[in-house]
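Structural description and commentary
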Amino acid sequence: GAGVSQSPRYKVAKRGQDVALRCDPISGHVSLFWYQQALGQGPEFLTYFQNEAQLDKSGLPSDRFFAERPEGSVSTLKIQRTQQEDSAVYLCASSLDLTVYGYTFGSGTRLTVV
Amino acid sequence: KQEVTQIPAALSVPEGENLVLNCSFTDSAIYNLQWFRQDPGKGLTSLLLIQSSQREQTSGRLNASLDKSSGRSTLYIAASQPGDSATYLCAASGAGRRALTFGSGTRLQVQP
């Protein structure tokens, strides 16, 4: 596609519910990143994939957060037993070559846990 | 650990003014530094990317500089317009990681 696509655009979850957020990167982009953005703050790194390999997951805040990219294309960020502090915008970014082209971000998924 | 700071947090200027947004980072071993624009409720739009070996990049009315030795970058916006109103985010890689570390942003308001 022309850009990074994320779905759903908005998600309201009841506390304790599991959610899955999807990211479709730009075709051919090997690097994929997930970020979490709280209101009024800059995005915070969650995890990084190169193709299907998860090379860095140091930013995942707890073991309730899990990300996968099984075929090196679409990625899913899963949050189990959601809590109110998980409410944020979740941004996905992809890149063909980080050094030369930098990142292209999607529009994000706004998650609200009630 | 890379840390990125942006000053000022908010800025309001009349239309037509030239302005400078500041960004500082703690780890000079960066792959690149990228400036983004974020409109309310939207994702991030890349404005300029400065590779580690470069000192500046220009696109239209925007110019970004990079000084690794001092850990600073500036975004210069010439002849500001109301449509430039948005939050501007600076992000740098570093500390051997590919991930970007973001500042908290500068919220810019250009008054018509």
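Further up the page is the structure itself.
Presented here is a report on the structure given in the accompanying data block. (Residues numbered from 1 in each chain as written. Chains lettered and ligands numbered in written order. Predicted model: local features only at pLDDT ≥ 70, side-chain atom pairs only at ≥ 80, totals over all residues. Heavy atoms only, no water.)

**Thoughts on the overall build of chain A**
- Along the backbone of chain A there are one helix and eleven strands.
- Element order for chain A, N to C, with α for helix and β for strand: β-β-β-β-β-β-β-β-β-α-β-β.
- On C-alpha atoms alone, chain A measures out to a radius of gyration of 13 Å, which is about the 13 Å that the 2.2 N^0.38 rule sets for 114 residues.
- Principal-axis analysis of the C-alpha atoms gives chain A an extent of 40 × 25 × 25 Å.
- With 114 residues in all, chain A has 46% of them scored as buried.
- Pairs at least 24 apart in sequence give 52% of the contacts found in chain A among residues at least 6 apart.
- For chain A, the accessible surface area stands at approximately 5,600 Å², while carbon and sulfur atoms represent 47% of it.
- In chain A, the 11 positive side-chain charges and the 11 negative ones have mean positions that sit 9 Å from each other. (Helix = DSSP H or I, 4+ residues; strand = E, 2+ residues; numbered from the N terminus. Rg over C-alpha atoms; globule rule 2.2 N^0.38 Å. Buried < 20%, exposed > 50% of the residue type's maximum accessible area, 1.4 Å probe, protein only. Contact = heavy atoms within 4.5 Å. Areas by Shrake-Rupley, 256 points an atom, 1.4 Å probe, with all protein chains shown as cover. Lys, Arg positive; Asp, Glu negative; His and termini not counted. Charge placed at Lys NZ, Arg CZ, Asp CG, Glu CD.)

**Points about the nonpolar core**
Residues and elements named next belong to chain B.
- Of all hydrophobic cores here, the largest spans 23 residues; its most connected members are Leu33, Trp35, Leu75, Ile77, Tyr88 and Leu108.
- Within the residue set of this core, elements represented by two or more residues are strand E3 (19-25), strand E4 (32-38), strand E5 (44-51), strand E7 (62-67), strand E8 (72-77), strand E9 (86-94) and strand E11 (106-111).
- With near-sequence residues (within four places) excluded, Leu108 lies in contact with Leu11, Val13, Leu19, Ile77, Asp84, Ser85, Ala86 and Tyr88. (Core = buried A, V, L, I, M, F, W, Y, C linked by side-chain atoms within 4.5 Å.)

**Side note on the interface of chain A and chain B**
- Opposite the 23 residues of chain A that make contact, chain B presents 19 residues.
- Counting the surface chain A buries against chain B, the share from its top three residues, A:Thr99, A:Tyr103 and A:Phe105, is 32%.
- The interface formed by chain A and chain B holds five residue pairs in polar contact (both at pLDDT 80 or more) in total.
- For the side of chain A that touches chain B, the secondary structure elements donating two or more residues are strand E4 (31-37), strand E5 (44-50) and helix H1 (98-101) of chain A.
- For the side of chain A that touches chain B, a count of residues per class yields eleven nonpolar, nine polar and three charged. (Buried area = accessible area lost by both parts, 1.4 Å probe. Polar contact = N/O pair within 3.5 Å; in protein donor to acceptor, adjacent residues only side chain to side chain. Nonpolar A, V, L, I, M, F, W, Y, C, P; charged D, E, K, R; others polar.)

**Notes on a nonpolar patch on the surface**
- Among the surface-exposed residues, A:Leu96, A:Val100 and A:Tyr101 lie close enough to one another that they form a single nonpolar patch of about 300 Å² accessible area.
- For A:Leu96, the position within the fold is in the loop between strand E9 (88-95) and H1. (Patch = residues over 30% accessible without salt bridge, like charges linked within 9 Å, V, L, I, M, F, W, Y side chains within 5 Å. Salt bridge = Lys/Arg side-chain N within 4 Å of Asp/Glu carboxyl O.)

**Notes on the sheet that holds strand E3 (residues 19-24) of chain A**
Residues and elements named next belong to chain A.
- Here we have four strands laid out as an open sheet, ordered E1-E3-E8-E7, and antiparallel in their pairing. Of all the strands in the sheet, just strand E1 (5-7) and strand E7 (65-68) have a single pairing partner and so form its edges. Taken pair by pair, the neighbouring strands of this sheet meet at an average axis angle of 15°, ignoring direction. (Pairing = 2+ DSSP bridges. Axes fitted to C-alpha atoms, helices over the stretch in contact; angles between N-to-C directions.)

**Concerning the layout of surface pockets**
- For the largest pocket, the calculated volume is near 570 Å³.
- In terms of lining residues, the largest pocket is bounded by 28 residues, among which A:Gln37, A:Leu39, A:Gly40, B:Gln38 and B:Thr87 are the most central.
- At four residues, the largest contribution of residues to the lining of the largest pocket is made by E11(B).
- Here the lining of the largest pocket is built from residues that sort into nine nonpolar, 14 polar and five charged.
- Its boundaries defined by the atoms lining it, the second largest pocket holds a volume of some 390 Å³. (1 Å grid on protein atoms, 1.4 Å probe; cavity = no way out; pocket = protein on both sides within 12 Å on 5 of 7 lines; lining within 4 Å. Points joined across faces, edges and corners; volume = space filled by probe spheres on them.)

**Quick notes on the pattern of salt bridges**
- Throughout the structure, instances matching the rule amount to five salt bridges over all chains.
- Ionic pairing is found between A:Asp24 and A:Arg22, a salt bridge with its closest N-O pair at 2.7 Å.
- Residue classification places A:Asp24 among the partly exposed residues on the basis of a relative accessible area of 24%.
- With its nearest N and O atoms 3.0 Å apart, the salt bridge here joins B:Arg37 to B:Asp39.

**Remarks on the state of the cysteines**
Residue and element names in this part refer to chain A.
- Scanning the entire structure with this criterion turns up two disulfides over all chains.
- For Cys23, the disulfide goes to Cys92, at an S-S distance of 1.9 Å. Taking the sign of the torsion about the S-S bond as the criterion, the disulfide between Cys23 and Cys92, at about -65°, is left-handed. With Cys23 in strand E3 and Cys92 in strand E9, this residue pair connects regions lying 69 residues apart in the sequence.
- Residue class for Cys92 comes out buried when judged on its relative accessible area of 0%. (Disulfide = S-S within 2.5 Å.)

Keep in mind that these numbers describe shape and distance, not what the molecule does.
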